[in-house]
Amino acid sequence: MWKSPSSSSFSSIHLFLFVLIINQHVTVSSQPLYTKSRWIVNSTGQRVKLACVNWVSHMEVMVAEGLNQQPVDAISRAIINMGFNCVRLTWPLFLFTNDSLGSITVRQSFKNLGLFASIVGLQANNPSIVDLSVLDAYQAVVASLAKNNVMIILDNHISKPGWCCSRFDGNGFFGDKYFDPDLWLQGLTKVATIFKGTNNVVGMSLRNELRGPLQNAHDWYRYMQKGAEAVHAANPNVLIILSGLSFDKDLSFLHQRPVNLTFSGKLVYEIHRYGFTDGDTWSGDSANQACGVVLNDMVSKGTFVLQQGYPLFVSEFGVDQRGTNVNDNRYFNCFLGLAAQLDFDWALWTLVGSYYLRDGVVGLNEYYGVLDCNWRDIRNSSFLERISAIRSPFQGPGYTETRLHKVIFHPKTGLCVRRTSFLQPLELGSCSEAAAWRYAPQKTLTVIGTYFCLQADKLGEPAKLGITCSDDSSKWETISDSKMHLSSKLQDATSVCLDVDSNNVIVTQTCKCLSTNDTTCDPGSQWFKIIDSTRVTKTTKSFLQIKPIIRFLARSFFGSYI
């Protein structure tokens, strides 16, 4: 248990996380944050990529989840140690607008719901919080995150405390039973004022997942612009984050009409996407077909704002961390490719391992949570390793370390194609060691600074590097609806695709799962994304050595390439 930083189990997981993940965060002195075209930047103009995790604090108890399991500072430190640099901390509107709710103590809030065992846990792990008001407890969590150098996005998740969301829960859109626009503006102003000047509170998300029968674009502009102005007037330091319609998957109305605000340099848009967002698409269609449909929808309804010159914060995405949900697994292979390609900011759902109370169930296990149900261990460490590549920027202000080049990303593993030498096969490895490529209009992939291009050699054999780059075996097309198969031809005109073998070596195999009729085939091993980067990697830093090149040419001429 993370009962204290010195407890044996906490120390072991703490050490494990330090070994597993490279911490990434910005210093407090670099704030406040601003926007510069599609990027979020700090006060020095360098890009800050939000790599967040959602911490739920909007449920019936109105207290951040997990405080009955671990000390708040231990949780805050664990967030950083798991590789996240910020938290999207949710809050219910009535916590800040209803004095009778906000003033009750944490202890009384739990008593009112019959959660007596949780009180015992709170008393043991967070004795300084248990007798605070729930509003003060929220501020104590913010203070702990800030003290531990975690950036904070304050997210108005719902009005009436409880689980979110449905079309008919009365919290969905302006004018709903629990969604009075004037009260909402008051709440936003109060929260912005309370946290003005608070270290590491870098943004406010004005409302989560607008939805329901009342939703319409006209009122979205009317009230979201008012909300943005109210927050900025009360606290000009924070980023203003605006969500879309239809459970925050649709910003398409911005194609026709931009938001009109009196300030600039602070506006960010957000969208959400899960495997279940698209119903049975992932199980009913082939994976390639489903990926193509979903990516087209995300681009037309959300990610286009990047081209309009605004940052995009994908503030909710996630999967069943047990890894057994086929729908989620297919979705995430597709999503992670887009996340790397577009290099957007994000917040994973969720930190939470279990809930005090959800849907009438005490201690409900959250399988989307990165922590286990006891908030003791990581639920799936390989998942955290997999998303490590998208934590750091691939490009952006302050990251022009070398000229623009391409990196070949493999979403199923979260790794990139690298070369250890010209004598060894290409393989998957950390994206910090990725090979730097030029992808020419002729569809050749050439290692930057060399004459060597990627070639298909034999079926089932490693792809190779060669200097004859004009034939079909050196041309790589993106095919299938997903546009993530990299296909070439062998000397006998057989079509092949890049693939990965059991040792993470890059090989060429028969292209799989291209039929739209096959809904069971998994193309994940053959999905690659060619993405832009300006980051220096170990490969781009290295100098070519003459002897290995001579040996390579000799082997290419006199024998097969190993």
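Residues numbered from 1 in each chain as written. Predicted model: local features only at pLDDT ≥ 70, side-chain atom pairs only at ≥ 80, totals over all residues. Heavy atoms only, no water.

Visitor: Give me the packing of aromatic side chains: which residues, what numbers.
Guide: On inspection of all chains with the given rule, the structure shows 28 aromatic pairs. With a centroid separation of 4.7 Å and 45° between ring planes, the pair formed by Phe-174 and Phe-179 is classed as tilted. Phe-174 sits in the buried class, given a relative accessible area of 5%. Phe-179 gets classed as buried once you look at its relative accessible area, which sits at 0%. (Phe/Tyr/Trp six-rings, centres within 6.5 Å; stacked < 30°, edge-to-face > 60°. Buried < 20%, exposed > 50% of the residue type's maximum accessible area, 1.4 Å probe, protein only.)

Visitor: So what's going on with the sheet that holds strand 6 (residues 201–205)? Which residues, and what values?
Guide: Pairing is parallel around the closed barrel formed by 8 strands, whose spatial order is 3-4-5-6-7-8-9-10. Across the sheet, the axes of successive neighbouring strands diverge by a mean angle of 25°, strand direction being ignored. Two strands pair when backbone bridges link them, and strand 8 (residues 267–272) and strand 9 (residues 312–317) are joined in this way by 4 bridges, in the parallel orientation. Opposite Tyr-269, over in strand 9, you have Leu-312 as the bridge partner. (Pairing = 2+ DSSP bridges. Helix = DSSP H or I, 4+ residues; strand = E, 2+ residues; numbered from the N terminus. Axes fitted to C-alpha atoms, helices over the stretch in contact; angles between N-to-C directions.)

Visitor: Kindly report on helix 13 (residues 326–342), identifying the contributing residues and their values.
Guide: Helix length check: helix 13 (17 residues) gives 25 Å between terminal C-alpha atoms against 24 Å at 1.5 Å per residue, within 8%. Among the 17 residues of helix 13, 14 are classified as buried, and the element is accordingly described as predominantly covered. At the N-terminal boundary of helix 13, the capping side chain belongs to Asn-325, with an oxygen 3.0 Å from the backbone nitrogen of Asn-327. Two residues or fewer after helix 13 comes Asp-343, characterised by a positive phi angle close to 55°. (Expected span 1.5 Å × (residues − 1). Polar contact = N/O pair within 3.5 Å; in protein donor to acceptor, adjacent residues only side chain to side chain.)

Visitor: An account of the sheet that holds strand 23 (residues 506–509) is requested, with residue identities and associated values reported.
Guide: Spatially, the 4 strands line up as an open sheet ordered 20-21-22-23, and their pairing is antiparallel. Edge strands, defined here as strands with exactly one partner in the open sheet, are strand 20 (477–479) and strand 23. In this sheet, adjacent strand axes meet at a mean angle of 45° when their direction is disregarded.

Visitor: Can you lay out the side chain of Ser-533 for me, pointing to particular residues and giving the numbers?
Guide: Position of Ser-533 among the secondary structure elements: in strand 24 (residues 529–533). Ser-533 sits in the buried class, given a relative accessible area of 2%. Within the structure, the side chain of Ser-533 is placed 3.1 Å from the backbone nitrogen of Arg-535, a separation counted as a polar contact. Apart from residues lying up to four places away in sequence, Ser-533 is in contact with Phe-394, Arg-403, Leu-404, His-405 and Val-407. (Contact = heavy atoms within 4.5 Å.)

Visitor: Can you tell me about the packing of helix 2 (residues 72–81) against helix 7 (residues 134–147), naming the residues and giving the values?
Guide: In the contact formed by helix 2 and helix 7, the axes pass within 9 Å of each other and the chain directions differ by 45°. One way to sum up the angle between helix 2 and helix 7 is to call them oblique. As helix 2 packs across helix 7, the resulting crossing turns out to be right-handed. Only Val-141, Ser-144, Leu-145 and Lys-147 of helix 7 make contact with helix 2, whose side of the interface consists of Val-72, Asp-73, Ser-76 and Ile-79. (Parallel < 35°, antiparallel > 145°, perpendicular 65-115°, else oblique. Left-handed = near helix turned anticlockwise from the far one by under 90°.)

Visitor: Can you lay out unusual backbone geometry for me, pointing to particular residues and giving the numbers?
Guide: Residues Gln-31 and Pro-32 are joined by a peptide bond in cis, for which omega reads 5°. Inspection of the secondary structure puts Pro-32 in the loop between helix 1 (8–20) and strand 1 (34–36). Geometrically, the link from Cys-164 to Cys-165 is a cis peptide bond, its omega value of 25° lying close to zero. Assignment of secondary structure puts Cys-165 in the loop between strand 5 (151–158) and helix 8 (181–194). Although it is not a glycine, Met-62 adopts a positive phi angle of roughly 60°. Of the residues examined, Met-62 reaches a relative accessible area of 2% and is grouped as buried. Phi is positive for Asn-200, which is not a glycine, with a value near 75°. Considering the arrangement of structural elements, one finds Asn-200 in the loop between helix 8 and strand 6.

Visitor: So, the nonpolar core: which residues are in play, and what are the values?
Guide: Core analysis: the largest hydrophobic core is formed by 128 residues, its most contacted members being Trp-55, Leu-67 and Trp-220. The element best represented in this core is helix 13, accounting for 9 residues. When residues are assigned to domains, this core turns out to be shared by domain 1 (48–388) and domain 2 (403–513 + 520–531), each giving three or more. With sequence-adjacent residues up to four places away left out, Trp-220 is seen in contact with Phe-173, Phe-174, Leu-210, Gln-225, Leu-242, Ser-243, Gly-244, Leu-245, Phe-253, Leu-254, Val-259 and Tyr-269. Within the second largest apolar cluster, 23 residues are counted, among which are Val-417, Leu-426, Leu-428 and Trp-437. (Core = buried A, V, L, I, M, F, W, Y, C linked by side-chain atoms within 4.5 Å. Domains from an automatic or database assignment.)

Visitor: So what about helix 7? Which residues, and what values?
Guide: Across its 14 residues, helix 7 extends 20 Å between first and last C-alpha, which sits within 8% of the 20 Å expected from 1.5 Å per residue. Taken together, the buried positions of helix 7 are Val-134, Leu-135, Ala-137, Tyr-138, Val-141, Val-142, Ser-144, Leu-145 and Ala-146. Remark: Asn-149 follows helix 7 within two positions and exhibits a positive phi of approximately 65°.

Visitor: Which residues make up the pairing of strand 9, and what values go with them?
Guide: In terms of burial, strand 9 is a largely internal element, 6 of the 6 residues being buried. Of the strand pairs in this sheet, strand 9 and strand 10 (residues 345–348) are connected by 3 bridges, and their pairing is parallel. Paired with Phe-317 across the two strands is Leu-348, which belongs to strand 10. One crossover worth recording links strand 9 to the parallel strand 10 by way of helix 13, and it is right-handed. (Right-handed = clockwise from strand over helix to strand, strands pointing away.)

Visitor: Break down the domain arrangement of the protein chain for me, citing the residues and quoting the values.
Guide: Taken as a whole, the protein chain is organised into domain 1 (48–388) and domain 2 (403–513 + 520–531). Contact residues are listed per partner, giving 15 residues for domain 1 and 20 residues for domain 2. Summed over both sides, the interface of domain 1 with domain 2 buries roughly 1400 Å², with 57% coming from carbon and sulfur. Sorting the residues of domain 1 by area buried against domain 2 places Asn-288, Arg-330 and Asn-333 first, and these three jointly supply 41% of that buried surface. Across the domain 1-domain 2 interface, the total number found is 0 salt bridges. (Buried area = accessible area lost by both parts, 1.4 Å probe. Salt bridge = Lys/Arg side-chain N within 4 Å of Asp/Glu carboxyl O.)

Visitor: Account for the UniProt feature "domain: Glycoside hydrolase family" (unreviewed entry) in the protein chain, with residues named and values stated.
Guide: Taken from the UniProt record, the annotation "domain: Glycoside hydrolase family" (unreviewed entry) applies to residues 68–351. Helix makes up 44% of residues 68–351 and strand 14%, whereas the separation of the span's terminal C-alpha atoms amounts to 15 Å. (UniProt positions renumbered as here; feature names shortened; annotations may be inferred.)

Visitor: Got a sec to walk through the pattern of salt bridges? Specific residues and values, please.
Guide: Following the criterion strictly, the structure yields 19 salt bridges and no others. Residue Lys-49 is joined to Asp-343 by a salt bridge in which the shortest nitrogen-to-oxygen separation is 2.7 Å. Within this pair, whereas Lys-49 is found in the loop between strand 2 (39–41) and strand 3 (51–55), its partner Asp-343 is found in the loop between helix 13 and strand 10, the two being separated by 294 residues in sequence. Take Lys-49: its relative accessible area is 4%, and that puts it in the buried class. The salt bridge involving Arg-88 is made with Glu-316; its shortest N-O contact spans 3.0 Å. Of this pair, Arg-88 sits in strand 4 (residues 86–92) while Glu-316 sits in strand 9, and the two are 228 residues apart along the sequence. Taken individually, Arg-88 and Glu-316 each receive the classification buried, so the pair is uniform in this respect. Each member of the salt-bridge network shares a partner with another, and the members are Arg-88, Asp-155, Glu-270 and Glu-316.

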